[in-house]
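What follows is the residue order along each chain.
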Amino acid sequence: MARSIKAIACVTAIVSAALSTAALATPWSEPLYDYIYFSDATKTVRVGYHVGVCYNGYAGVAEFATGTMTSHYELIRTGTCTSKGTIYQ
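To keep things clear, this report deals only with the structure shown in the data block.

Conventions adopted
- Residues numbered from 1 in each chain as written.
- Predicted model: local features only at pLDDT ≥ 70, side-chain atom pairs only at ≥ 80, totals over all residues.
- Heavy atoms only, no water.
- Helix = DSSP H or I, 4+ residues; strand = E, 2+ residues; numbered from the N terminus.
- Contact = heavy atoms within 4.5 Å.
- Areas by Shrake-Rupley, 256 points an atom, 1.4 Å probe, with all protein chains shown as cover.
- Disulfide = S-S within 2.5 Å.
- Buried < 20%, exposed > 50% of the residue type's maximum accessible area, 1.4 Å probe, protein only.
- Phe/Tyr/Trp six-rings, centres within 6.5 Å; stacked < 30°, edge-to-face > 60°.

**Considerations on the overall build of the chain**
Right, on to step 1. The helix and strand inventory of the chain stands at one helix and seven strands.
Right, on to step 2. Order of helices (α) and strands (β) in the chain, N terminus to C terminus: α-β-β-β-β-β-β-β.
Right, on to step 3. A sequence separation of at least 24 residues applies to 50% of the contacts in the chain between residues at least 6 apart.
Right, on to step 4. With the model as given, the accessible surface of the chain reaches about 6600 Å², and the carbon-plus-sulfur share is 63%.

This is how it looks when you write it as structure tokens:
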């Protein structure tokens, strides 16, 4: 009985290690967007923009926006930020 419990524990440890290693090796990605800001809800007059950037594999935006940031914006998908760098589309 004790032998089968040790065998089950050993198999569980091996499977857990294999799954965690596979999870670490799997590449991941996040969508990369530019933000276009408009003067009002009609979205006809563009007043500013924010450029999407990849920081060590994490998608974000540049530190400062160009022009004016407003609550009326549109996201433009420009690429994918991956664990290996940026892929532009």
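**Describing the state of the cysteines**
Right, on to step 1. The tally for this structure, following the rule as stated, stands at one disulfide.
Right, on to step 2. C54 shares a disulfide with C81; S-S distance 1.8 Å. Here the disulfide of C54 and C81 is right-handed, its torsion about the S-S bond being about 70°. Here C81 lies in strand β6 (residues 73-82) and C54 lies in strand β3 (residues 52-55), a separation of 27 residues in the sequence.
Right, on to step 3. In this structure C54 comes out as partly exposed when scored by relative accessible area, which is 23%.

**Focus on unusual backbone geometry**
Right, on to step 1. With a phi angle near 55°, K43 is a residue other than glycine that sits in the positive phi range.
Right, on to step 2. Secondary-structure assignment places K43 in the loop between β1 (29-38) and β2 (46-50).
Right, on to step 3. Given a relative accessible area of 36%, K43 falls into the partly exposed group.

**Focus: the packing of aromatic side chains**
Right, on to step 1. Inspection of the entire model under this criterion finds three aromatic pairs.
Right, on to step 2. Ring geometry for Y35 versus Y37: centroids 6.4 Å apart, planes at 20°, classification stacked.
Right, on to step 3. Using a relative accessible area of 25% as the deciding quantity, one classes Y35 as partly exposed.
Right, on to step 4. For the pair Y35 and Y73, a centre-to-centre distance of 5.5 Å together with 45° between the ring planes defines the contact as tilted. Taken together, the positions of Y35 in strand β1 and Y73 in strand β6 put the pair 38 residues apart, joining distant regions of the chain.
Right, on to step 5. What makes Y73 partly exposed here is its relative accessible area of 38%.
Right, on to step 6. Feature note: the residues Y35, Y37 and Y73 constitute an aromatic cluster, connected by ring pairs.

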